[in-house]
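A structural walkthrough
Here are the chains, one letter per residue:
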Amino acid sequence: MKSYDTVVVGAGVTGLTAAWRLAEAGQDVLVLEARDRVGGRLRTEDHNGSDFEIGGQWVSPDQEALIALLDELGLATYSRFRDGDSLYVDRTRTARRFTGEDLPVEEQTGKEIDRLIGVIDDLAAQMDPDRPWEHPQAAELDRVSFAQWLDAQTTDDEARDNIALYLGPAMLTKPTHSFSALTAVLMSASAGSFSHLVDADFILDKRVVGGLASVPAALAARLGDRVRLSADVTHVAWDDEGAVVTVDGEQVGARNVVLALPPTHVRRIRITPGLPAEHRHAREHQSFGLVIKAQVEYDTPFWRSAGLSGTGFGPWELVHEVYDNTLHGKETGTLVGFVSDVNADAMGRLPADERRAAILQSLAAYFGDAALTPRTYVESDWQHQELTGGAYATSFDVGSLTRWGAKLHEPVGPIRFGSSDVAGLGFQHVDGAVRMGTRLARNILGS
Ligand code: FDA
């Protein structure tokens, strides 16, 4: 049986970053990836002659670990198109123009939105995102859903629904009654502040030339034949000396094992002896959010000539947010819109042609009938992929972050765990995957 210093399971950014740092330090590493490609939740696909980023794509200025890695790999970025007016679709489905960050709502509602942003910013400033369970109000914030917490904060429905939009549909992609107020504060602290999350120019700042999937591709190229594809790990047997990893009936030995998977997917692997009970409970209380990312390419970016940036928000719309997603150097124009949580459930029940029609109709509420006739329409479908199962990422149900959050970081014998979904800074983002991969490698080298 061939043996390695470290076997990494999963060739997403977490696993590849860990493997590359270990290889750089002189370790003999092997990466086992179940899919026939690297990248996990990062992928670029060609449709009708254009590239579409199906998974993660944006980079924001707080994502320093990812930005440093892009630099190291020699990958360039470009800015998202954002010149012109943004749109806000109100309850009556009227699209109203605005500039800057202040939504075109009644003055009192605008002030209430700003006040609530301030309240969440203050809570986030008191949190170390690596240890959210140590927040001074952790117990109190983790025992209520974000929806309940928001209801108790304000009587202004429009202010409430807009704040809910930023953290529910737009970020955790779950209904706001299904995650705790503490998780909402974690999401905010992980990006530096809630103010960063509500500022689309900040949080959706840059894209990578060639796509964000160039990051795992470049790491895998450096690792060369240390990455094995179509290698679905089914069993890890361990003791204090090391582990035996089973893949396709073959066994490989390892002094260390890194399971670089979303917590939900650790459960797909048989581990003997079994994980301690609390480690299992922790992962049983995690689940994926759900979002449909719809990218719609037109012959021209027609909204630009009307003085529109392509950015739009509609807390009551099927497509709750939309942006100009035109590819670097392309003459066609692309919009990207998102349909989240319960709306994504409803859309998932429709035949593909009815779903497409409903999503285009929602885009038309922002941009008029010109939005109804694209040249290419692409939906990302992660929920039907066994090796992911949702989008963007996993998070805890109400009450579980304080109860089990710390367990997700504890090694068990020679096995370590990590993914963007358990990161502090960069939580649920590629930056978090880079940070987790780097930390896992550092911990192995230091042990
Ligand atoms: P990831 O899930 O990528 O990797 C895990 C790997 O393990 C997968 O390749 C899987 O196949 C493999 N695997 C699972 N079980 C296995 C087994 N038993 N044996 C072997 N291999 C196994 N982020 C961001 O920064 N900006 C953005 O704009 C977005 N937008 C976005 C949109 C959409 C639609 C999605 C789905 C996601 C995003 N994200 C994002 C999130 C970002 O893509 C995500 O946080 C990281 O790519 C996760 O990287 P990981 O390596 O942690 O997990």
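Not measured: the values here are computed from a predicted model.

If you walk across this open sheet you meet the seven strands as β7-β6-β16-β17-β18-β15-β19, and the pairing is mixed. Looking along the sheet, the strands with just one partner apiece sit at the ends: β7 (95-98) and β19 (376-379). For this sheet, the mean angle separating the axes of adjacent strands, direction not counted, is 20 degrees. The pairing of strand β6 (residues 85-89) with β7 spans four bridges and is classified as antiparallel. Opposite V89, over in β7, you have A95 as the bridge partner.

If you check the shell around the ligand, you find 35 residues, and the closest are T14, E33, R41, W58 and S420. Between the ligand and T14, the relevant distance is 2.8 Å, taken from an oxygen atom to a side-chain nitrogen or oxygen of the residue. The side chain of R268 places a nitrogen or oxygen atom 3.4 Å from a nitrogen atom of the ligand. About the coverage of the ligand: the protein hides 98% of its 1000 Å² of free accessible area. If you list the elements that add at least two residues to the shell around the ligand, you get α1 (13-24) and α17 (430-446).

All right, on to the UniProt feature "domain: Amine oxidase" (unreviewed entry) in the protein chain then. In the numbering used here, UniProt assigns the feature "domain: Amine oxidase" (unreviewed entry) to residues 14-445. A distance of 16 Å separates the end C-alpha atoms of residues 14-445, which is 37% helix and 22% strand.

Moving on: the layout of surface pockets. By volume, the largest pocket is sized at about 350 Å³. Lining the largest pocket we find 21 residues, and of these A164, P169, T176, P315 and D341 sit closest to its centre. Of all the secondary-structure elements, those providing two or more residues to the lining of the largest pocket are α5 (146-153), α6 (157-172) and α14 (341-348). For the lining of the largest pocket, the leading source of residues is α6, giving five residues. Among the residues making up the lining of the largest pocket, the classes are represented as ten nonpolar, five polar and six charged. No fewer than three residues from each of domain 2 (47-53 + 78-82 + 203-207 + 290-384) and domain 3 (108-198) sit in the lining of the largest pocket. Its volume calculated, the second largest pocket comes out at about 210 Å³. Surrounding the second largest pocket, 16 residues form its lining, S86, G100, E101, A200 and D201 being those nearest its centre.

When the domains of the protein chain are assigned, the result is domain 1 (3-41 + 213-275 + 412-445), domain 2 (47-53 + 78-82 + 203-207 + 290-384) and domain 3 (108-198). Between domain 1 and domain 2, the C-alpha centre-to-centre distance is 34 Å.

A few words on empty space enclosed by the protein. The final tally for this structure, using the stated rule, is five cavities of 30 Å³ or more. Along the wall of the second largest cavity there are 18 residues; nearest its centre are L186, L401, D421, V422 and F427. When contributions to the lining of the second largest cavity are tallied by element, the ones reaching two or more residues are α7 (181-190) and β20 (394-396). Residues that form the lining of the second largest cavity fall into these classes: ten nonpolar, six polar and two charged. Two domains share the lining of the second largest cavity, each providing at least three of its residues, namely domain 1 (3-41 + 213-275 + 412-445) and domain 3 (108-198).

Time to look at the environment of H285. Mapped onto the elements, H285 comes out in the loop between α12 (277-284) and β14 (286-288). Its relative accessible area of 26% is what places H285 among the partly exposed residues. It is 8.7 Å that separates the C-alpha atoms of H285 and T264, two residues lying 21 residues apart in sequence. Here H285 is in contact with S395, F396, D397, S400 and W404, once residues within four sequence places are set aside.

Okay, helix α2 (residues 64-73) next. For α2, every residue scored as buried is listed here: L66, L69, L70 and L73. Projection of α2 onto a plane perpendicular to its axis shows the buried side chains occupying an angular sector of 105 degrees, all on one side. Among the exposed residues of α2, those oriented more than 90 degrees off its buried face are E64 and D71. Packed against the buried residues of α2 are α1, β5 (77-79), β8 (206-208), α10 (214-223) and α17. A positive backbone phi angle near 70 degrees is found at G74, which sits one or two residues after α2.

Calculation rules
Residues numbered from 1 in each chain as written. Predicted model: local features only at pLDDT ≥ 70, side-chain atom pairs only at ≥ 80, totals over all residues. Heavy atoms only, no water. Pairing = 2+ DSSP bridges. Helix = DSSP H or I, 4+ residues; strand = E, 2+ residues; numbered from the N terminus. Axes fitted to C-alpha atoms, helices over the stretch in contact; angles between N-to-C directions. Near = heavy atom within 4 Å. Polar contact = N/O pair within 3.5 Å; in protein donor to acceptor, adjacent residues only side chain to side chain. Areas by Shrake-Rupley, 256 points an atom, 1.4 Å probe, with all protein chains shown as cover. UniProt positions renumbered as here; feature names shortened; annotations may be inferred. 1 Å grid on protein atoms, 1.4 Å probe; cavity = no way out; pocket = protein on both sides within 12 Å on 5 of 7 lines; lining within 4 Å. Points joined across faces, edges and corners; volume = space filled by probe spheres on them. Nonpolar A, V, L, I, M, F, W, Y, C, P; charged D, E, K, R; others polar. Domains from an automatic or database assignment. Buried < 20%, exposed > 50% of the residue type's maximum accessible area, 1.4 Å probe, protein only. Contact = heavy atoms within 4.5 Å. Arc of directions from axis to C-beta.

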